[in-house]
Amino acid sequence: MGIIVALIAVSLTLAVGFLVSFLWSLKHGQFDDTYSPSVRMLFEDKPQPNPANDVKK
Amino acid sequence: MNTSVVESLRCFHCGEPCDDILYFEDRPFCCEGCKTVYEILDTHNLCDYYQLDGHSGLTLKNAVAGSYAHLDAPDVRRKLLTFDSPELSKVNFQVPSIHCVSCIWLLENLRKLNAGVFKAEVSFGRKTVTIDFDPSRVKLSELAHLMASVGYAPVIRLDETEVAKKPTHRGLLYKLVIAGFAFGNIMLFSFPEYLGLEANDDVLKSLFSWLNLALSVPVFFYSASEYFTSAWKSFRQRQINIDVPIAAGLLALFLRSTFDILTATGPGYLDSFSGLVFFLLIGRWFQGKTYESLAFDRDFKSYFPLAVNRLAGKDWTSAIIYELKKGDVIKIRSMEIVPSDAVLNDSDAFFDYSFVTGEAKPVKVKRGDLVYAGGRLIGKPVVLTVEKSTSQSHLTSLWNNEAFRKTEESQYKKIIDRSARKFTWVVMALAVVTAGVWQWYAPQHMWLVLTSVLMVACPCALALAAPFTYGSMLRVFGQHGFFLKNADVIERLACIDAVVFDKTGTVTHGREPGVEFVGDLDATELGAVKLLTGASTHPLSTIVSKSIHRPLHENITQFKELPGKGVQGMIGDRFVQAGSANFVGFRENLDPRASYVFIAIDNNIKGYFIITVKIRPNLKHMLSRLGTTCAALLSGDNDADRGSMRAVFPASASLLFNQDPHHKLAFIQSLQQQGKNVLMVGDGLNDSGALKQSNVGIAVSDDSGIFTPACDGILDGKQLPQLDKFMALAKYSSIILKIAFGISFFYNTIALGVAVTGHLTPLVAAILMPVSSISVVGFSTFAVNAVARRKLGAVN
């Protein structure tokens, strides 16, 4: 009996935590553009052609 | 012999066939612009651009080197910048040419092209790029110029800088998320009640009930608030809309449940309540999808440049067009638009008025003649003296018409509100009768039964049918290149019984005339003709030159342009002439309605080019399927094309020529006075009055980056032959909607039966409500997609 009440308290706290974090991310525009971040993470910077480090092992 | 377009080398940058091949590092380029972009990218080590996406490059063949100097003016700067400080400024540019991964990559690497840029971030959906830069190291104008130089010219318009665009759907999402959260948790806490609790679990029972109540308070006061305010408003205007019975139902559910829980007489119906709000908001969200990158509300200002070169003393400085006064001297370059009515100071020039009048052929203007605002210069730069300010120009007077002031939503009564009206009266009557009967026989149960009736009568499924039917159809249309402003347009499209077309740019390809050669020329001779005509700025020469894809590397000597006659010159050892029939001495009679360019080499007539307007393919079938619904063709052109148009249009359609924008508007009005619902299909500024006046105005566009006038929908030019199918689908959506209404009424009747007899338990309500909503949503979504697949075929 007591354990159920405790579990409910824990689960609700967790759920509210997730709700708040979701609303926060929504507010900060994380869902405004759902396409470009998916490709942006795959862009990489080419290693700069730097002769000083270009020593073959 | 007819010329065939020879498949020549393709440009390394833009992938278009090359007319004159330029080589750089063994790579072919079609024009100087494309080559320059490659050079810029190459020197900055950014050639990955070409590997990320197969067809990333944008042709710069038709690009106009615009001046961005006006961006540094303090007023403009203030409007454009979202943040400004001496070290850091932020600007948000609209870039319609963003279309692929490479675009994102290149724009986000802008900092490698200019050290003054800190960061650039692309929003693909909105086609915007936000740039953080150091204003002391790079000016705003330089930034815009840099973007333009790699093919991503930002679009900067006065009207858009005035109102900042804001995302509107977020508020709804918050409400949706909170309702969904509450719904899920209330369901969990309600389960034990349905499964049956032991008698000694009373503490748990009341705990669950109180938790449910706590969770549903934000749903009632925040998520559902719109329904209450909307119902209250419509109640005060004595117009009953769908929100009235919904609000009554929600209120009954919440108050009854609160009462039950407070008095500990039952668990309440809070699961049904929160579920209902959740489903209703999903419907709203689904219907609310809009095409953010497309603009449906542009007026004439969007067509005009922001600034022009004005003579101040002895220097040309950049001036904002709204500052232009009578007497100002301005300079317009090729392909630029004249911003206000002005007098030509230079000798002859050609202006393309297709924006304003729809007339496809450029008009020749002599020194001292008046040039109207909206004309596009073709050829060499000219100097003009301003005659009237932009706001008083001939063209802008169209916007003073009352058609541009009316708000269209007010006239139209939606199907859903018409149904809701009847529905509400029936429910109210039923509730009163039931309450009366119960009051008579068992007064202690009267309130319970009355609230039950109001609860189940809540037309949730009814309210969901329209958003899901029209919302799904909106998405299907979008996949097939037909973008509507909102879902309500589909409903209006279903009632259309007269379709009116514009000619130039709609029925015909605006900028792509059909060119055919009759006669005999070999490859070298064709190359020579291309070279000769390419040297002239006459519109016909340009068309002929562009149509030949055989470059010849020779020099022209003794080049001479004879006004009104043609051009001539020595290419190699051959004397080439191109021009009118008289010029080369051609004697036969030809159809006088088309335009011709005659070719003579060494004084022998070799043949002629016929230049005709090109009608879009497959239009005839579409128009014949439309039959009598196709009411008219309105063209700003003269009636040279009457014959070819007659061949395409059904006999019942009237063909009207020489129509100016005011005529077009008046024609639509007269059709509407005959009780017709008119669909106008147009493309240019000259149709904007008609598009606005018509019940549904659709703008045809061949390029999503290009500007379309204010309209209800934008149709991809390639999809125009499907127009009748789109209209048929709109009609089908109304049928589907009516069937969905039927299903919803069926459930309501069952539920009312249960409620009237006093048997509505929370469990019955919790099952019946989601089942009815889900079956209506499922049916309408499935039916729309099935019908669309049969009519339009699958999307490739």
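The rules behind these values
- Residues numbered from 1 in each chain as written.
- Chains lettered and ligands numbered in written order.
- Predicted model: local features only at pLDDT ≥ 70, side-chain atom pairs only at ≥ 80, totals over all residues.
- Heavy atoms only, no water.
- 1 Å grid on protein atoms, 1.4 Å probe; cavity = no way out; pocket = protein on both sides within 12 Å on 5 of 7 lines; lining within 4 Å.
- Points joined across faces, edges and corners; volume = space filled by probe spheres on them.
- Helix = DSSP H or I, 4+ residues; strand = E, 2+ residues; numbered from the N terminus.
- Nonpolar A, V, L, I, M, F, W, Y, C, P; charged D, E, K, R; others polar.
- UniProt positions renumbered as here; feature names shortened; annotations may be inferred.
- Salt bridge = Lys/Arg side-chain N within 4 Å of Asp/Glu carboxyl O.
- Buried < 20%, exposed > 50% of the residue type's maximum accessible area, 1.4 Å probe, protein only.
- Contact = heavy atoms within 4.5 Å.
- Core = buried A, V, L, I, M, F, W, Y, C linked by side-chain atoms within 4.5 Å.
- Domains from an automatic or database assignment.

1. Regarding empty space enclosed by the protein
Residues and elements named next belong to chain B.
Line of reasoning, step 1. Scanning all chains against the criterion turns up five cavities of 30 Å³ or more.
Line of reasoning, step 2. A volume near 140 Å³ is recorded for the largest cavity.
Line of reasoning, step 3. Lining the largest cavity we find Leu276, Val456, Cys458, Cys460, Ala461, Ser744, Tyr747, Asn748, Ala751, Leu768, Met769 and Ser772.
Line of reasoning, step 4. Mapped by element, the contributors of at least two residues to the lining of the largest cavity are α15 (460-479), α25 (723-756) and α26 (762-792).
Line of reasoning, step 5. When residues in the lining of the largest cavity are grouped by element, the largest group, four residues, is from α25.
Line of reasoning, step 6. Tallied by class, the residues present in the lining of the largest cavity amount to nine nonpolar, three polar and no charged.
Line of reasoning, step 7. Of the volumes computed, that of the second largest cavity is approximately 100 Å³.
Line of reasoning, step 8. For the second largest cavity, the lining is made up of 13 residues, of which Ser190, Glu193, Asn212, Pro267 and Gly268 are closest to its centre.
Line of reasoning, step 9. Contributions of two or more residues to the lining of the second largest cavity are made by α8 (170-195), α9 (202-223) and α12 (270-287).
Line of reasoning, step 10. Its residues placed into classes, the lining of the second largest cavity shows six nonpolar, four polar and three charged.

2. Notes on the UniProt feature "transmembrane region" (unreviewed entry) in chain B
Residues and elements named next belong to chain B.
Line of reasoning, step 1. The UniProt feature table records "transmembrane region" (unreviewed entry) at residues 172-195, 207-228, 240-257, 269-286, 423-441, 447-470, 735-757 and 763-788.
Line of reasoning, step 2. Along residues 240-257 one finds 83% helix and 0% strand; the C-alpha atoms at either end are 26 Å apart.
Line of reasoning, step 3. In residues 447-470, the share of helix is 92% and the share of strand is 0%. The end C-alpha atoms are 38 Å apart.

3. A closer look at the pattern of salt bridges
Residues and elements named next belong to chain B.
Line of reasoning, step 1. Within the structure shown, the criterion is met by 18 salt bridges over all chains.
Line of reasoning, step 2. The salt bridge involving aspartate 260 is made with arginine 256; its shortest N-O contact spans 3.7 Å. Of this pair, aspartate 260 and arginine 256 both sit in helix α11 (residues 243-262), separated by four residues, roughly a single helical turn.
Line of reasoning, step 3. For lysine 664, the salt bridge is made with aspartate 502, and the minimal N-O distance between the two is 2.9 Å. Here lysine 664 is found in helix α23 (residues 661-673), whereas its partner aspartate 502 is found in strand β17 (residues 498-502), with 162 residues between them in sequence.
Line of reasoning, step 4. The buried category is assigned to aspartate 502, whose relative accessible area is 0%.
Line of reasoning, step 5. What you see here is one network of salt bridges that share partners, running through Lys175, Glu226, Asp243 and Arg284.

4. Remarks on the UniProt feature "transmembrane region" (unreviewed entry) in chain A
Line of reasoning, step 1. Feature annotation in UniProt assigns "transmembrane region" (unreviewed entry) to the following positions: residues 6-26 of chain A.
Line of reasoning, step 2. Between the end C-alpha atoms of residues 6-26 of chain A there is a gap of 30 Å, over a span that is 100% helix and 0% strand.

5. Observations concerning the environment of alanine 252 of chain B
Residue and element names in this part refer to chain B.
Line of reasoning, step 1. For alanine 252, the location among the structural elements is in helix α11.
Line of reasoning, step 2. Relative accessible area serves as the criterion here: at 8%, alanine 252 is assigned to the buried category.
Line of reasoning, step 3. The spatial distance from the C-alpha of alanine 252 to the C-alpha of valine 453 is 9.1 Å, given a sequence separation of 201 residues.
Line of reasoning, step 4. Excluding anything up to four places from it in sequence, alanine 252 contacts Thr451, Leu454 and Met455.

6. Focus on the nonpolar core
Line of reasoning, step 1. The biggest cluster of nonpolar side chains holds 127 residues, and the ones touching the most others in it are Leu493, Phe501, Phe649, Leu679 and Leu723 of chain B.
Line of reasoning, step 2. Looking at this core, you find at least three residues from each of domain 3 (170-289 + 415-469 + 731-792) and domain 4 (477-508 + 616-730) of chain B.
Line of reasoning, step 3. Among the nonpolar cores identified, the runner-up in size contains 48 residues, and Val39 of chain A together with Val91, Phe93 and Val150 of chain B belong to it.

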